[in-house]
Structure formats: structure tokens, C-alpha cells
Amino acid sequence: MTIPKLLQLAKSNAAASQPLRAETSGAEATVYLHGVIGGYWGDIDETEFVKALTALDVDTIHLRIDSPGGDVFGARAMMTAISQHKAKVIAHVDGLAASAATGICMACDEVEITQGAGFMIHNAWTIALGNKADMAKTVELLGKIDAGLAADYTARTGKDQEQITQWMDEETWFTADEAKEHGFADRVVEVVGKKKAKNQWDLSAYANTPAALLAKPNNAAPDDGDIAAHRNALERRLSLLERTPA
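One structure accompanies this document, and this report is about it. Every value quoted in this text rests on a predicted model; they were computed, and no experiment measured them. (Residues numbered from 1 in each chain as written. Predicted model: local features only at pLDDT ≥ 70, side-chain atom pairs only at ≥ 80, totals over all residues. Heavy atoms only, no water.)

**Some thoughts on helix α6 (residues 161-169)**
Every buried residue of α6 is listed here: I164, W167 and M168. What you see down the axis of α6 is that its buried residues fit within an arc of 100°, all on one side. Summarising the geometry of α6, the exposed residues directed more than 90 degrees from the buried face are E162 and D169. Looking one or two places after α6, you find E171, whose phi comes out positive at around 50°. (Buried < 20%, exposed > 50% of the residue type's maximum accessible area, 1.4 Å probe, protein only. Helix = DSSP H or I, 4+ residues; strand = E, 2+ residues; numbered from the N terminus. Arc of directions from axis to C-beta.)

Rendered as C-alpha cells:
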């Protein structure tokens, strides 16, 4: 049995993920999102993020992002907290914003991306167990998730939804300059005389990862035996099928 892509993405990047961290200096705060999103899959737990963000009484919040993606509903909870915070929130894509991490960028007041960093959008993934009725519900759910993400990207970029949907269907990877050109980012930051952005994530779970980003860290590769270990947890996650995106 082939390991599902979602499990592969999470397991392959577990070693490189860093716990949520927040620092405050005067009227500004910095929150580091360097890892897989969603407490079930990675180290960036959405509940802890919401608690940490709500506790920040500052004028400006800088979100430092380097993430291969993760749980779309976890990201949605984080997006809600960002949009409702009184502070100006600036996303800084330090290395990679892929999949669910791009949604978090869309909720911020400003997005800047480092020259050499990457930005990727695609259709949602999930894992499902059950009969054909369960599979039909899964298809319906994924359609709703994709429509919600497309609406976020459309609102931010001003592109028509047909173009956004095509990019999502094709799993499209943007350079920093392309992300700015198409409206996903407000500005590109050129790092001069310092170490430039470098991919640290295993992105082999994705279909169209640029060759330059496929070099991966020495994380343990997943094996098919992991499926059995996760089965009970996945059954609990089937409640996901009854949820709809915000």
C-alpha cells in the first residue's frame, strides 16, 4: 500500500518542524511559523497559535513563515484569529509558503516574500475511510474547501476565479517575483550579502515541486507500516467530513 500524501508530507517533515514561538519588543511582536501546520500533523498547533496571538497587545505582528503546508482547517482557524486581531499583521515568507501556509498569508494585512523563497497553491488533500457514500461526501467536502481557498486567493490578488482555479488544479509553484507579479505578495525582499532562502523541507509528496526544491533534509522517509499505526487516529478524523470551511 502506498502511504497517503498527507501522511507522507507530515512525517517526512516532522524532524525539521519547530514549535510555535513568539517574541515581543515594544509595540511589535514576532511569531515564528516554521513547520507543518495543524496540531494533529505537525508542531504548529492552531489552538496554541490562537492563544498566543490573542495574548499579544501590540500594534504590529510579524509572522515569519517557512512551511510546507498542513491542515487546512487548522490554517483556517489561524486565519480567523489573524483577521480579527487589532494589530497590523505582516507575513514574511522566509523560505516557503506552500499549501495551507499560503492561506495564512492571505489573512495578513501585508505579505512580503524573500528573494529565493517559494509560494505554492493547489487543491486540498484529505484521507478518507469508508464506503462509496463516504467517498462521495469526501469529494463534496474537498470541493467546498477548494472553493473557499479560491475565493481567498481571488479576493487578495484580483485575478479572476477561473485563473486561480487553474493554478490550483495544476499545483502551481511561484517564485518570489511571480508571487508579487500575480498579487499573492505585496513586495519582494532582496537579501544582499547574507545567506538567501534555502529549502529545508521534503517536498516529494507534491507532484510538481521544482527540481531546485527537491533536495531534502535527512529526515526519515515514511514507510507503508505507518498506515496501520495511524488508522485509529484517522477514523477519529472522519468527523472532518461533517465540517465545512469557514
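Picking up where we left off.
**Re unusual backbone geometry**
Residues other than glycine seldom take positive phi values, yet S99 does so here, at roughly 55°. By the secondary structure assignment, S99 is in the loop between β4 (88-98) and α4 (100-106). Residue S99 is classed as buried on the basis of its relative accessible area, which comes to 14%. Despite not being glycine, E171 has its phi angle at roughly 50°, a positive value.

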